[in-house]
Amino acid sequence: MIDTPTTRHEIEKPADDSTWHKPNLKGDWCNLFLLTLLYTMQGIPFGLSVGLPIIFQSKNIVTYDDQGSISYVLWPYAIRLLWAPIVDSFYVRWIGRRKSWFIPLQYLIAALLLYFAYNTDEWLPESGKPNLKMIVCLLLVINLLNTTQDIAVDSWALTMLKKNNVSYASTCNCIGIAIGMFIGSVCPILLSSEQFCNRYLRLTPGTGGIISIKNIIFLWGVVFLLITTLVTIFKKEKDTRLEDVKINIFQNYKLIWSLLKLSSMRVFLIAVLTSTIGYSTMDTVANLKLIDAGISKDDIMLMSTAMSIFRIFLPLPLAKYTGGPKPLSLYLKCTPIRLLWSVPYVLLIYYTPFLIKNNGVVNVPIYYYFILGFIFAIHELLSDIMIITHLSFFIKISDPRFGGTYLTLLGTARNLSWVIPNTVILKMVDILTFNKCSNDDHGSCSTTDLQNICSTKQGHNCVTILDGYYIEAAICMVIGFVWYAIFKSHYKILQSKNHSHWIVDVKRPISVYL
């Protein structure tokens, strides 16, 4: 497509459709399934990026500073707004506005997964430190491609479904991402674990898991190739609602600026950008601290498996709340509960070594699993409900004429609210942790050199006086309640505004297609 600025005219705002229409899924079931499948494919690379740090932590081969560096692979999800207008502006018309991006991106992701599988044995050895540089670089590129594909699919979701069913796009997103994250994080950890496979999957004990991480990644690469080919052949993109609105890349960037000039949008984006700070310590470090305390990665992944299954079906009963005119009301109800729920989680982590260890030997009692499972389940349930309600409101206020850019602006704010605290908290854990050399009141272990000096003294070792995790948890909780006090009333006002309040006018050149 070539855009030539000949004459300009105003694109009028769409008619005010603030009247809420009851969803009717008749005729949309196939589209719902396809959207869920596309979001599942997005969740697999994300899940792999989340699962590998747990594998590294269980082997005690990386520091929390290393974990902070690994978290950079998730940053593309937080900066995708920079290239979202490009995705909305450039495409091949006969292929389709979204398929023009979806097809090549998916093939590239598949190729990189196959390349990762080919080098897995070298980059991720059974013993010794992994090649973090290569793993981080490759996952960073894969996630760059994945976020670009996400822009196209989010925009496609606004027009693939009927207008009165668009709110179900958030349901497809949450179900698909949950399935993809399960496949990408839980499956490689459990199926490659000798201990898990011998305990639950084998009749007689064997060596290694039933399938290696290398073979799992290779299988994903092949599946990506097959699904992309099938979508390319059989799914025809039809987008009649957007045919009258064609704007070039510069106007897409101007659209972002126009959205940011809306006072309500600025308030909402500030609220979203700061919304997850209160829970970020629990979301980021809790599982790693449980592993440090002696809980195996297999047990944590078993809990994640149960929650993944629950997470897949959770959006369905929530649809009647998130699909209504005021989805943020549920978000506000969950906020103080989730903040307070950090207290039992922190206490459990603190007492875990005393509950599961006897004379230095780990022996996890049955009652501990019930306590951990209950606390973990409530924490994840509240988290998922709040994510779904945010996504539902994003879709509710988005302009389908510029879906990719509009949704990406909102999604970027949401991702930044998680990615930045995630990296900062991981980097700060060791800095805020206070250690000393045992049997030496004046011996410090604040640096690697001092730790080595302490370890050379007979009968001495570094002991933790105060774990930085608890300092971060307290600070984040206070910030969370301050956020709630400030933005509670703003959320109630914002969700009461009709759809036309979130729409902007744009000027465009007449487009010429070749």
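Within an unreviewed UniProt entry, the label attached to the protein reads Acetyl-coenzyme A transporter 1, and the organism entered is Macrosiphum euphorbiae. Quoted verbatim from the Subcellular location (unreviewed entry) field of the UniProt record, the comment on the protein reads "Membrane".

Undergrad: Can you walk me through helix H16 (residues 342-356) in this structure?
TA: Residues spaced three or four apart along an α-helix face the same direction, because each turn holds 3.6 residues. With 15 residues, H16 ought to run about 21 Å at 1.5 Å a step, and its terminal C-alpha atoms sit 21 Å apart, in line with that. Where H16 bends most, the angle comes to about 40°, and this point is tyrosine 350, followed within four residues by the proline proline 353. Turning to H16, its buried residues are Ser342, Tyr345, Val346, Leu348, Ile349, Thr352 and Ile356. Looking at the buried residues of H16, the elements they touch are helix H12 (280-293), helix H15 (328-340), strand E2 (357-358), strand E3 (361-362), helix H17 (366-397) and helix H20 (468-494).

Undergrad: Got a minute to help me understand the packing of H15 against H16 in this structure?
TA: Relative orientation and spacing of two packed helices are given, respectively, by the angle between their axes and the distance between those axes. Here H15 crosses H16 at 20°, and the two axes come no closer than 4 Å. Relative to H16, H15 is oriented roughly parallel. Judged by residue contacts, Arg338, Leu339 and Leu340 of H15 engage Ser342, Val343 and Pro344 from H16. Taken together, the residues that form the contact of H15 with H16 break down as 4 nonpolar, 1 polar and 1 charged.

Undergrad: Please clarify how the pattern of salt bridges should be interpreted in this entry.
TA: It is possible for side chains of opposite charge to pair when their charged atoms get near one another. With the rule as written, the count across this model stands at 9 salt bridges. The salt bridge partner of arginine 80 is aspartate 150, with a shortest N-O separation of 1.9 Å. Of this pair, arginine 80 sits in the loop between helix H3 (76-79) and helix H4 (84-89) while aspartate 150 sits in helix H6 (residues 132-160); the two residues are 70 residues apart in sequence, bridging distant segments of the chain. In this structure, lysine 214 and aspartate 121 form a salt bridge, with 3.4 Å as the shortest nitrogen-oxygen distance. Of this pair, lysine 214 sits in helix H9 (residues 213-234) while aspartate 121 sits in helix H5 (residues 99-123), placing them 93 residues apart in sequence. For lysine 214, a relative accessible area of 29% corresponds to the partly exposed category. On the accessibility criterion, aspartate 121 (52% relative accessible area) is exposed. A single salt-bridge network, built from bridges that share partners, covers Arg80, Asp150 and Asp154.

Quick notes on the rules
Residues numbered from 1 in each chain as written. Predicted model: local features only at pLDDT ≥ 70, side-chain atom pairs only at ≥ 80, totals over all residues. Heavy atoms only, no water. UniProt positions renumbered as here; feature names shortened; annotations may be inferred. Helix = DSSP H or I, 4+ residues; strand = E, 2+ residues; numbered from the N terminus. Expected span 1.5 Å × (residues − 1). Bend = angle between axes of the 7 residues up to and from the residue. Buried < 20%, exposed > 50% of the residue type's maximum accessible area, 1.4 Å probe, protein only. Contact = heavy atoms within 4.5 Å. Axes fitted to C-alpha atoms, helices over the stretch in contact; angles between N-to-C directions. Parallel < 35°, antiparallel > 145°, perpendicular 65-115°, else oblique. Nonpolar A, V, L, I, M, F, W, Y, C, P; charged D, E, K, R; others polar. Salt bridge = Lys/Arg side-chain N within 4 Å of Asp/Glu carboxyl O.

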